[in-house]
Amino acid sequence: MNTSLQVTISSRELFQKIIENCTLEQLNRIPDGFKNNIIWNIGHIVVTQQLLAYKLSGLAMMVTDEMVSKYQKGTIPQGTVSKDEVEAIKSLLFTTLTKTQEDLDNGLFQNYTEYTVSTANFTLRSVEDAMQFTNFHEGIHLGVILQIKKFV
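These lines cover the structure that appears in this document, whether it is placed above or below. (Residues numbered from 1 in each chain as written. Predicted model: local features only at pLDDT ≥ 70, side-chain atom pairs only at ≥ 80, totals over all residues. Heavy atoms only, no water.)

1. Here's the deal with the packing of helix α1 (residues 2-21) against helix α3 (residues 38-53)
Alright, step 1. As a packed pair, α1 and α3 sit with axes 11 Å apart at the nearest point and diverge in direction by 150 degrees. In terms of orientation, α1 and α3 fall into the roughly antiparallel class. Considering how the two elements wind past one another, α1 and α3 form a crossing that is left-handed. Contact with α1, carried on its side by Arg12, Phe15, Ile18 and Ile19, involves Ile38, Ile39, Ile42, Ile45, Val46 and Gln49 of α3 and no other residues of that element.
Alright, step 2. Taken together, the residues of the contact of α1 with α3 sort by class into eight nonpolar, one polar and one charged. (Axes fitted to C-alpha atoms, helices over the stretch in contact; angles between N-to-C directions. Helix = DSSP H or I, 4+ residues; strand = E, 2+ residues; numbered from the N terminus. Parallel < 35°, antiparallel > 145°, perpendicular 65-115°, else oblique. Left-handed = near helix turned anticlockwise from the far one by under 90°. Contact = heavy atoms within 4.5 Å. Nonpolar A, V, L, I, M, F, W, Y, C, P; charged D, E, K, R; others polar.)

Right, here's the structure in full:
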């Protein structure tokens, strides 16, 4: 599991650099032909990791219900994200992973509700599966962001 989290941390460092190298306007802009923007994709990967690892394990998530309803699968950006919200998302990129490692080390993940992900038609059966899938999922969204960046 440590390797999975290390890969996720490396991925999150790329997302952090994207946030730091884009203006607020660029983060919020939805180019023609796209249904979301850079910051939605980054908020989405944070929320998805929390849903797959924590919610399906029956544990409290580090993201709010409001954040989940704004960035979960099937949502689209609703208005402009503020600088403060961007900073909150940026912070969650790493605090969520630090907490996940602590909770793994402390044996908190005891139960898991199986979930079949639509992206790959693959069934997650454990938090370990969830963390491995997280890396696949984040790679998809990194690709989307890189495409969006060409137009903003």
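2. Description of the environment of Gly43
Alright, step 1. Within the secondary structure, Gly43 sits in helix α3.
Alright, step 2. Each C-alpha atom of the pair Gly43 and Val68 lies 9.0 Å from the other, and the pair is 25 residues apart in sequence.
Alright, step 3. If near-sequence neighbours (up to four positions away) are discounted, Gly43 is found in contact with Met67, Tyr71 and Ile89.

3. Re the packing of aromatic side chains
Alright, step 1. Scanning the model with the defined rule gives three aromatic pairs in all.
Alright, step 2. With a centroid separation of 5.1 Å and 65 degrees between ring planes, the pair formed by Tyr54 and Phe109 is classed as edge-to-face. Taken as a pair, Tyr54 in the loop between α3 and α4 (65-71) and Phe109 in the loop between α5 (83-105) and β1 (115-117) lie far apart in primary sequence, 55 residues in all. Across the pair, exposure class does not vary: Tyr54 and Phe109 are buried alike.
Alright, step 3. Measuring from centroid to centroid gives 5.7 Å for Phe133 and Phe136, while their planes differ by 45 degrees, and the two rings are tilted. Here the residue Phe133 and the residue Phe136 both occupy positions in helix α6 (residues 127-149), the gap between them amounting to three residues, near one helical turn. (Phe/Tyr/Trp six-rings, centres within 6.5 Å; stacked < 30°, edge-to-face > 60°. Buried < 20%, exposed > 50% of the residue type's maximum accessible area, 1.4 Å probe, protein only.)

4. Comments concerning α3
Alright, step 1. The end-to-end C-alpha distance of α3, which contains 16 residues, comes to 23 Å, matching closely the 22 Å that a straight helix rising 1.5 Å per residue would cover.
Alright, step 2. Its side-chain oxygen placed 3.4 Å from the backbone nitrogen of Ile39, Asn37 serves as the N-cap of α3. (Expected span 1.5 Å × (residues − 1). Polar contact = N/O pair within 3.5 Å; in protein donor to acceptor, adjacent residues only side chain to side chain.)

5. Overview of α1
Alright, step 1. In this model α1 runs 29 Å from its N-terminal to its C-terminal C-alpha over 20 residues, within 8% of the 28 Å that 1.5 Å per residue would give.
Alright, step 2. Within the sequence span of α1, burial applies to Ser4, Leu5, Thr8, Ser11, Arg12, Phe15, Ile18 and Ile19. Axial view of α1: buried residues confined to an arc of 125 degrees, hence all on one face. Across α1 from its buried face, at more than 90 degrees, point the exposed residues Thr3 and Asn21.
Alright, step 3. Looking at the buried side of α1, the elements it contacts are α2 (24-28), α3, α5 and α6. (Arc of directions from axis to C-beta.)

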